[in-house]
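Overview (structure and organization)
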Amino acid sequence: MDTLKPENLPEHLAVIMDGNGRWAEKRMLQRIVGHQKGVETVRVIVEECSRLGIRYLTLFAFSAENWLRPKTEVKALMALLKKYIRAEIARMMQNDIRFNVIGNRADLPPDIDREIQAAMDRTANNRGMLLTLALSYGGRQEIVTAAKTLAEEVAAGRLSAEAIDEKMLSGSLYTAGIPDPDLLIRTSGEMRISNFLLWQLAYAELYFTEVNWPDFDRNELARAFRDYQSRERRFGMTSDQLRKESA
Ligand code: FPP
């Protein structure tokens, strides 16, 4: 097996962590056990990405649509989240990780939001990997919010409609200041984007694996990175142009 080229790892990795429920159901366990196992995978993957020097890691932890799940599952997921954030601050400090959340934070229970704020404040001066959890996040909702912000600026006379360009729209998203993902991984065999980072994934390489999130480990991550390293990212150009650019 080829080894990983450290100089060609994604700068920004985004992950749709899917398959916790199926992992549990296959074993005749409750879905929440799958989520608990999923949190262990989060720990392993965060630590490994940080060790490998990944600059940005964005994890889809709870979608705007996930509120429609049974109340007991939503409650259990929120409790897991709170426990995770609290327990991980020390490790984030050790690993120089900065913690961040994107999504509609106003939807989150106040105690979780306080925990998030505390973790963001504690880790604000860290300079290693930026770990972003997408919580109550929806890509379309994010774009609508950005459009509203810009429309308000135009209505107030502080901005002309002609001045709105891609850079400005990007800068109005939750991910302002974060480069677009280079690679998206989705686990559990589903091949959809599911309203995740719709704008930001425009040129990302997509990697799908059958492995459920609780079984995703360092080896699976290395497999995804090797696959990424075998791809040619052309951004709309020809291979020939790319060769000339990098010469
Ligand atoms: C998908 O599994 C996963 C989620 C809806 C949430 C992901 C959450 C975690 C990994 C745990 C909490 C996260 C953190 C960061 C502490 P699914 O339930 O959709 O699985 P299924 O498609 O097999 O039903």
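To be clear, the structure that these remarks concern was listed above.
Reference entry: report on the structure contained in this document. All residue numbers refer to position in the chain's written sequence, counted from 1. Residues qualify for local features only when their pLDDT is at least 70, as the model is predicted, and side-chain atom pairs are given and counted only at 80 or more; totals for whole chains, interfaces and linings, by contrast, use all residues. Only hydrogens and water are removed before side-chain values are computed, so all heavy atoms of the structure are retained for them.

1. Considerations on the pairing of strand β6 (residues 205-208)
- Here the term buried applies to any residue with accessible area under 20% of the maximum for its type, exposed to any over 50%, and partly exposed to those in between, with areas from a 1.4 Å probe on protein chains only. Secondary structure counts use DSSP, requiring at least four H or I residues in a row for a helix and at least two E residues in a row for a strand, with both numbered from the N terminus. The alternating pattern of β6 places Glu205 and Tyr207 on a buried face, while none of Leu206 and Phe208, on the opposite face, is buried.
- In this sheet, β6 lies alongside strand β5 (residues 183-186) in parallel orientation, the contact comprising 4 bridges. What sits directly across from Ile185, in β6, is Tyr207. Strands were regarded as paired on the criterion that DSSP finds at least two bridges between them.

2. Quick look at the side chain of Thr132
- Summarising the element assignment, Thr132 is placed in strand β4 (residues 130-137).
- Residue Thr132 is classed as buried on the basis of its relative accessible area, which comes to 1%.
- Within polar-contact distance, the side chain of Thr132 engages the side chain of Asn100 at 3.0 Å.
- Contact definition: two residues touch when any of their heavy atoms are within 4.5 Å. Ignoring sequence-local partners within four residues, the contact set of Thr132 consists of Leu57, Thr58, Leu59, Asn100, Val101, Ile102 and Ile178. Counting of polar contacts relies on pairs of N or O atoms within 3.5 Å, with two restrictions inside protein: one atom must be capable of donating a hydrogen and the other of accepting it, and residues adjacent in sequence are counted only when both atoms are side-chain atoms.

3. Some thoughts on the packing of helix α3 (residues 71-94) against helix α4 (residues 110-123)
- In the contact formed by α3 and α4, the axes pass within 10 Å of each other and the chain directions differ by 15°. Between α3 and α4, the angle falls in the class roughly parallel. By crossing handedness, the relation of α3 to α4 is classed as left-handed. In contact with Met78, Leu81, Lys82, Ile85, Arg86, Ile89, Met92 and Met93 of α3, α4 contributes Asp111, Ile112, Glu115, Ile116, Ala119, Arg122 and Thr123.
- Only Asp, Glu, Lys and Arg are considered charged, only Ala, Val, Leu, Ile, Met, Phe, Trp, Tyr, Cys and Pro nonpolar, and every remaining residue, Gly among them, polar. Considered class by class, the residues forming the contact of α3 with α4 number 9 nonpolar, 1 polar and 5 charged. Axis definition: a line fit to C-alpha positions, over the contact stretch in the case of helices; interaxial angles, taken between N-to-C directions, run 0 to 180 degrees. Angular relationships are summarised with four words: roughly parallel below 35 degrees, roughly antiparallel beyond 145, roughly perpendicular across 65 to 115, and oblique for the angles in between. For any helix crossing, the convention is left-handed if the near helix is rotated counterclockwise from the far helix by under a right angle, and right-handed if that rotation is clockwise.

4. Structural notes on the site of the ligand
- Taken together, 17 residues lie near the ligand, and Met17, Gly21, Arg22, Arg31 and Arg69 sit nearest.
- In the environment of the ligand, an oxygen atom lies 3.2 Å from a nitrogen or oxygen atom belonging to the backbone of Asn20.
- Here Arg31 contributes a side-chain N or O atom positioned 2.9 Å from an oxygen atom of the ligand.
- Protein burial of the ligand: of its 620 Å² of free accessible surface, 92% is covered by the chains.
- Looking at the shell around the ligand, the elements with two or more residues in it are α1 (20-26), α2 (31-52) and α3.
- Its residues assigned to classes, the shell around the ligand shows 7 nonpolar, 6 polar and 4 charged. Any residue with a heavy atom positioned within 4 Å of a molecule or strand is treated as near that molecule or strand. Using a 1.4 Å probe, accessible areas were evaluated by the Shrake-Rupley method; residue-level cover was limited to the displayed protein chains.

5. So, the sheet that holds strand β1 (residues 12-16)
- Taken in spatial order, the 6 strands line up as β3-β4-β2-β1-β5-β6 in an open sheet, and their pairing is parallel. Of all strands in the sheet, those bounded by a partner on one side alone are β3 (98-102) and β6. If you compare each strand with its neighbour and ignore which way they point, the axes differ by 20° on average.
- In this sheet, β4 lies alongside β3 in parallel orientation, the contact comprising 5 bridges. Bridged to Arg98 within β4 is Leu130.
- Of the strands in this sheet, β1, β2 (56-63) and β4 are in contact with α2, which crosses β2 at around 160°.

6. Some remarks on the environment of Ile178
- Mapping Ile178 onto the fold places it in the loop between α6 (166-171) and β5.
- Owing to a relative accessible area of 13%, Ile178 belongs among the buried residues under this scheme.
- C-alpha separation for the pair Ile178 and Leu242, spaced 64 residues apart in sequence, amounts to 24 Å.
- Setting aside residues up to four positions removed in sequence, Ile178 forms contacts with His12, Tyr56, Asn100, Leu130 and Thr132.

7. Description of unusual backbone geometry
- Even without glycine at this site, Met28 takes up a positive phi of about 60°.
- Following the sequence through the fold, Met28 ends up in the loop between α1 and α2.
- Positive phi, close to 40°, is recorded for Leu197, a residue that is not glycine.
- Following the sequence through the fold, Leu197 ends up in the loop between β5 and β6.

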